Amino acid sequence: TFAYPSPFSPRREQYTRIQFHLKNNSAVQAIVYNFAMEKVVELRENISGVNAENGDRYLVWDGKDATGNYVANGIYMYKLKINGKSWWGKIAIVN
């Protein structure tokens with residue numbers, strides 16, 4: 001899993017993509033955390049991001065928290081959960 005673009009500027013770019021590859025259909029969830037490991041927002045699979053031929057999928061994050069406010073500059077971690085397993089990644093926010 002990886003995120004791009006990163007660094008990411010929510011006010012200039014519309015979103016960053018959390019990219020991953022699956023070999024079969026699975027429910028996917030990502031939770032974004034700030035540097036203090038406080039939950040910022042939860043993302044669910046974007047059906048439009050499914051490419052049935054090769055299993056490439058992505059979730060999009062607009063750089064906003066659960067209340068709709070832009071997050072501050074810094075490093076954010078995300079936990080990608082698929083079929084009970086977790087993978088971690090990071091996203092740098094620069095406004």
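Below, the structure is looked at part by part. Keep in mind it's a predicted model, so treat the numbers as computed, not measured.

1. Some details on the sheet that holds strand β1 (residues 2-4)
- Strand order in this open sheet of three strands is β1-β2-β5, and the pairing throughout is antiparallel. Of all the strands in the sheet, the pair left with one neighbour each is β1 and β5 (56-61). Averaged over all neighbouring strand pairs, the angle between strand axes comes to 30°, with direction disregarded.
- By the bridge criterion, three bridges tie β1 to strand β2 (residues 16-21) in an arrangement that is antiparallel. Paired with phenylalanine 2 across the strands is glutamine 19, a residue of β2.

2. As for the pairing of strand β4 (residues 39-44)
- Taken together, the five bridges between strand β3 (residues 28-33) and β4 define a ladder with antiparallel strand orientation. When the sheet's bridge partners are listed, tyrosine 33 is paired in β4 with lysine 39.
- Linking β3 to β4, which pair antiparallel, is a turn of five residues; within it methionine 37 sits at a positive phi near 65°.

3. Some details on the pairing of strand β6 (residues 74-82)
- Both β3 and β6 contribute to a ladder of six bridges, which runs antiparallel. Across the sheet, the residue bridging to valine 28 is isoleucine 82, located in β6.
- Bridge analysis of β6 against strand β7 (residues 85-93) gives nine bridges, and the strand direction is antiparallel. Among the inter-strand pairings, leucine 80 is bridged to a residue of β7, identified as tryptophan 87.
- Adjacent in sequence and paired antiparallel, β6 and β7 are bridged by two residues, among which asparagine 83 carries a positive phi angle near 50°.

4. Regarding the sheet that holds β3
- Read across the open sheet, the four strands follow the order β4-β3-β6-β7; overall the sheet is antiparallel. Here the strands that pair on one side only, and so sit at the sheet edges, are β4 and β7. Pairwise comparison of adjacent strand axes, ignoring direction, gives a mean angle of 20° for this sheet.

What counts and what doesn't
Residues numbered from 1 in each chain as written. Predicted model: local features only at pLDDT ≥ 70, side-chain atom pairs only at ≥ 80, totals over all residues. Heavy atoms only, no water. Pairing = 2+ DSSP bridges. Helix = DSSP H or I, 4+ residues; strand = E, 2+ residues; numbered from the N terminus. Axes fitted to C-alpha atoms, helices over the stretch in contact; angles between N-to-C directions.

Remember, this is a structural readout, not a statement about activity or role.
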